[in-house]
There are 2 protein chains.
Amino acid sequence: MKTLVIGGAGFIGSHLCDALLAEGHTVVCIDNFSLGTRDNIGHLMQNPHFSIYETDAFDYNNLAHIFGEERPEYVFHMAANSDIQSSAKNPEIEYRNTYSTTFQILCCMRNFGVKKLFFASTSAVYGDRRDILLDENTANLCPVSYYGAAKLGSEALISAFSYMNDMEALIFRFPNVIGPRLTHGVIYDFIHKLQNDPEHLQILGNGKQTKPYIYVTDLIGAVIKFMNTAGCGVTLYNLSSEGDTSVTRIADIVCEEMHLQSVQYEYTGGESGWKGDVPRFQYCIDKITKAGWKAVYTSDEAVRKTVRENIDGM
Amino acid sequence: MKTLVIGGAGFIGSHLCDALLAEGHTVVCIDNFSLGTRDNIGHLMQNPHFSIYETDAFDYNNLAHIFGEERPEYVFHMAANSDIQSSAKNPEIEYRNTYSTTFQILCCMRNFGVKKLFFASTSAVYGDRRDILLDENTANLCPVSYYGAAKLGSEALISAFSYMNDMEALIFRFPNVIGPRLTHGVIYDFIHKLQNDPEHLQILGNGKQTKPYIYVTDLIGAVIKFMNTAGCGVTLYNLSSEGDTSVTRIADIVCEEMHLQSVQYEYTGGESGWKGDVPRFQYCIDKITKAGWKAVYTSDEAVRKTVRENIDGM
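Anyway, here's the lowdown on the structure attached to this text. Just so you know, the residues in each chain are numbered from 1, in the order the chain's sequence is written. Whichever chain is written first is A, and whichever ligand is written first is 1; the rest continue in order. For this predicted model, a pLDDT threshold of at least 70 governs which residues receive local features, and a threshold of 80 or more governs which side-chain atom pairs are given and counted, while totals over whole chains, interfaces and linings are taken from all residues. Excluded from the side-chain calculation are hydrogens and water; included are all heavy atoms of the structure.

1. Quick word on the packing of aromatic side chains
Residues and elements named next belong to chain B. Any pair of Phe, Tyr and Trp rings, taking the six-membered ring for Trp, is counted once the centres come within 6.5 Å. Such a pair is stacked with planes under 30 degrees apart, edge-to-face with planes over 60 apart, and tilted for the rest. Scanning all chains against the criterion turns up 34 aromatic pairs over all chains. On the basis of an interplanar angle of 40° and a centroid distance of 6.2 Å, the ring pair of Phe-76 and Phe-118 is categorised as tilted. Placement of Phe-76 in strand 4 (residues 74-77) and of Phe-118 in strand 5 (residues 116-122) is noted, with a sequence separation of 42 residues between them. Relative accessible area decides the class of each residue, using a 1.4 Å probe on protein chains only: under 20% of the type maximum gives buried, over 50% gives exposed, and in between gives partly exposed. Given a relative accessible area of 0%, Phe-76 falls into the buried group. The exposure class of Phe-118 is buried, given its relative accessible area of 0%. Over the ring of Phe-33 we find Arg-38; its NZ or CZ atom is 4.1 Å from the centre of that ring. Secondary structure elements are defined from DSSP: runs of H or I of at least 4 residues count as helices, runs of E of at least 2 residues count as strands, and each element is numbered from the N terminus. Over a ring means this: the NZ of a Lys or the CZ of an Arg is within 6 Å of the ring centre and within 35 degrees of the ring normal.

And the structure:
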């Protein structure tokens, strides 16, 4: 199948390109290389079933040109701001790179008659609901970050465009995703900080922030498994590994894997790492489990594996 | 209090300006006169507590200039596309006039430290959920119109901006709102059609579409009553009159009030008036009722009163 992966040179997008090619699909990739990198897709450049357009998915005309040239059958929309801390200071980033990009992509799908969509959503749409188990039927979604708001707005757009244009949309709400090619986040930060100063580690918040972390190939396996199962309208799943991992536990794992002893942890204090960060959540994954999917790695295993791989790569 | 009513020359916005002035507030109105009219606010132009800026709230710089000049304490955001049939053909209208306008307003509030917001949302955020009673805790909001999607996206933005900037936001989800100064919708259409041809009336759908209609002054009374009751974050209410009215019943009332007998109804057929229209919904208003509010007019009474007033005005 001719697939279009928007944001395909990013951390998660590039793993999706790998998997789609391995499944025998043709992959057309769009990336503006703002967060994605040429390194992430360097190994694909000689693959005759892979091509790349360097452009901004925010720009309807650029996007429409590619839709017209390539006539994709399936759009994987992986393009978004993924650096939540940066958009907390500047919400315009989410308006432009997350919400508006979704709108322009949906307009292209509508105008070129493309019916199949995968959208990478997030646990951040739920907001700060630390005391309940979050499932797909949880009500009162009140995002506390501009990122979560732009993703929830994108889901709403997908709902209306799917209905109005008979599209089949599959949406996964991802928790924290980690693995090779990671470019930011707590694991990335801790490794960097400890490489610079192996005796002290500043930890944002009180270290008790606890979330599920999923290994990127687990997540991509789910995308591939379910990509053709959505009916008309929106099919939505929470996706996660088993278990969760606290920030202090991540620090411990990084220190263990870097063979550092007696590192002094310095907590900045407070329940959240920064305003708009959700310090903990519990994810119900019964729906996708019943549909026959399970992550290979637990949250702790995903963290350790990612730490090992990223120490080598830095 | 210095209030800013964005979309203040529109159908609902202009009634809000009237009420705020009657309550002793100063009203600064912004309107681009795309759907609003000078007639709607003509009677206010000599009022020393009223002023009007003709500009587009989509434009951040224009908006920021007004926020800087006027320093409002309370923003009433009534600016949106309200013609759902037109945006069904062109979703760009909702992206620009509904969602992006909300974003720019919130950015101004953030940058100028304005803490109080009223937002006019809609039953359309629920999507087509005709078999359940819709309350504020209903889950799985799946809008079927671009209008509903842009309003739900706006609610998500308000959630994040409120949290990040300690704003107090009051959101009402309106059903169909009718009354003097109406510029479109089923009542407006029927009167126009029958003035042109008093013997035949084309009715979109099968006429069984049934919704609650609220009289505009009832709704404005609720805005005034609750405007200072919201705490930090989002306070959300469904708002409605009692009862509901079918489209055929509206046709009957219009014919009665126009003293037309034996008008031939010609139904275009189908459950919905157009794709993206929700043919019926039931609104739970227990929350606002318990908070001490009740509409003066039932849905049928609101329809008849509106018909009478609009026959004279056309």
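Next comes the rest of the account.
2. Here's the deal with the packing of helix 3 (residues 60-70) of chain B against helix 5 (residues 92-112) of chain B
All names here are of chain B. Angles run from 0 to 180 degrees between N-to-C directions of axes, and those axes are lines fitted to C-alpha atoms, restricted for helices to the stretch in contact. Running from N to C, helix 3 and helix 5 point in directions that differ by 40°, and their axes come no closer than 10 Å. In terms of orientation, helix 3 lies oblique with respect to helix 5. In this structure, helix 3 crosses over helix 5, and the sense of that crossing is right-handed. Every residue of helix 5 that contacts helix 3 at Tyr-60, Leu-63, Ala-64, Phe-67 and Gly-68 is listed here: Gln-104, Ile-105, Cys-107, Cys-108, Met-109, Asn-111 and Phe-112. The residue makeup of the contact of helix 3 with helix 5, split by class, is 9 nonpolar, 3 polar and no charged. Oblique is the label for any angle not under 35 degrees, not over 145, and not in the 65 to 115 range, which are roughly parallel, roughly antiparallel and roughly perpendicular in turn. Working rule for handedness: look at the near helix, and if it is turned counterclockwise from the far one by less than a right angle, call the crossing left-handed; if clockwise, right-handed. Working rule for contacts: check all heavy atoms of both residues, and any pair within 4.5 Å makes them a contact. Each residue is assigned to one of three groups, with Ala, Val, Leu, Ile, Met, Phe, Trp, Tyr, Cys and Pro labelled nonpolar, Asp, Glu, Lys and Arg labelled charged, and all others, Gly among them, labelled polar.

3. Regarding the interface of chain B and chain A
The interface is formed by 37 residues belonging to chain B together with 37 residues belonging to chain A. For chain B, the biggest contributors to the area lost against chain A are Tyr-95, Tyr-146 and Met-164 of chain B; these three give 21% of the whole. Here, a salt bridge means any Lys or Arg side-chain nitrogen found within 4 Å of an Asp or Glu carboxyl oxygen. Our enumeration of links across chain B and chain A arrives at 2 salt bridges. Across the pair Lys-275 of chain A and Asp-166 of chain B runs a salt bridge whose closest N-O atoms are separated by 3.3 Å. Here a polar contact is recorded for every N or O atom pair within 3.5 Å, except that within protein the pair must consist of a potential hydrogen donor and a potential acceptor, and residues adjacent in sequence are included only if both atoms are side-chain atoms. At the boundary of chain B and chain A, one finds 21 residue pairs in polar contact (both at pLDDT 80 or more). Contributions of two or more residues to the side of chain B that touches chain A are made by helix 4 (84-89), helix 5 and helix 6 (146-165) of chain B. The biggest single contributor to the side of chain B that touches chain A is helix 6 of chain B, with 13 residues. When the residues that make up the side of chain B that touches chain A are grouped by side-chain class, the tally is 20 nonpolar, 11 polar and 6 charged. Defined here as a combined quantity, buried area equals the accessible surface (1.4 Å probe) lost by two parts on assembly, summed across both.

4. A short note on the relation of the copies chain B and chain A
We superpose the copies by least squares over the C-alpha atoms of residues that have a pLDDT of at least 70 in both of them. Between chain B and chain A, the superposition needs a rotation of 180° and an axial shift of 0.0 Å, giving an RMSD of 0.0 Å. Here the two chains are linked by the operation of a two-fold rotation axis. In this assembly the copies share their binding face: 100% of the residues contributing to the interface of chain B also contribute to that of chain A.

5. Topic: the packing of helix 1 (residues 11-22) of chain A against helix 8 (residues 216-226) of chain A
Residue and element names in this part refer to chain A. Interhelical geometry of helix 1 versus helix 8 gives an angle of 55° and a closest axis separation of 10 Å. When the axes of helix 1 and helix 8 are compared, the pair comes out oblique. For helix 1 against helix 8, the interelement crossing comes out right-handed. In this structure, helix 1 uses Phe-11, Ile-12, His-15, Leu-16, Ala-19 and Leu-20 to contact helix 8, whose residues at the interface are Val-216, Leu-219, Ile-220, Val-223 and Ile-224. Of the residues assigned to the contact of helix 1 with helix 8, the class counts are 10 nonpolar, 1 polar and no charged.

6. Examining the side chain of Lys-151 of chain B
Residues and elements named next belong to chain B. Of note, Lys-151 is situated in helix 6. Here Lys-151 occupies a buried position and makes no salt bridge, while the nearest side chain of opposite charge, Glu-94, is found at 7.4 Å. A polar atom in the side chain of Lys-151 sits 2.6 Å from the backbone oxygen of Ala-120. Once you skip the residues sitting within four places of it in the chain, Lys-151 turns out to touch Ala-80, Thr-98, Phe-119, Ala-120, Ser-121, Thr-122 and Val-125. Counted charges follow a simple rule, with Lys and Arg positive, Asp and Glu negative, and His plus the chain ends left uncounted.

7. Regarding the pattern of salt bridges
Here the structure, examined in full by the defined rule, presents 34 salt bridges over all chains. Lys-294 of chain B is the salt-bridge partner of Glu-242 of chain B, the closest N and O atoms lying 3.7 Å from each other. Residue Glu-242 of chain B is located in the loop between strand 12 (233-238) and strand 13 (245-246), and its partner Lys-294 of chain B is located in the loop between helix 10 (286-290) and helix 11 (299-313); the two are separated by 52 residues in the primary sequence. The partner of Asp-300 of chain B in a salt bridge is Arg-249 of chain B, with the nearest N and O atoms 3.5 Å apart. Taken together, the residues Asp-300 of chain B in helix 11 and Arg-249 of chain B in helix 9 (residues 247-257) connect sequence positions 51 residues apart. Using a relative accessible area of 30% as the deciding quantity, one classes Arg-249 of chain B as partly exposed. Residues joined by salt bridges that share partners form a network here, namely Arg-249, Glu-256, Glu-257, Asp-300, Arg-304 and Arg-308 of chain A.

8. A look at the sheet that holds strand 5 (residues 116-122) of chain A
Residues and elements named next belong to chain A. We treat two strands as partners when DSSP finds at least two bridges between them. The sheet built from 7 strands is open, its strands ordered 3-2-1-4-5-7-12 with parallel pairing. The strands lining the two open edges of the sheet, one partner per strand, are strand 3 (50-54) and strand 12 (233-238). Pairs of neighbouring strands in the sheet enclose a mean axial angle of 20°, with direction left out of account. Two elements, strand 1 (residues 2-6) and strand 2 (residues 26-31), share 5 bridges in a ladder whose sense is parallel. When the bridges of strand 2 are listed, Val-5 appears paired with Cys-29. In this fold helix 6 (residues 146-165) packs onto strand 5, strand 7 (168-174) and strand 12, with an angle of close to 155° to the strand it touches most, strand 5.

9. Points about the pairing of strand 12 of chain B
Residues and elements named next belong to chain B. Counting buried positions along strand 12 yields 5 of 6 residues, so the element is predominantly enclosed. Pairing analysis gives 6 bridges linking strand 7 (residues 168-174) to strand 12, with the strands arranged parallel. Bridge pairing links Arg-173 to Asn-238 in strand 12.

10. Here's the deal with helix 7 (residues 186-196) of chain A
Residues of helix 7 of chain A that are buried: Ile-187, Phe-190, Ile-191 and Leu-194 of chain A. Buried residues in helix 7 of chain A, looked at end-on, bunch into an arc of 95°, giving them a common side. Of all possible arcs, the one meant is that of the directions from the helix axis to the C-beta atoms.

Purely geometric numbers; function is a separate question.
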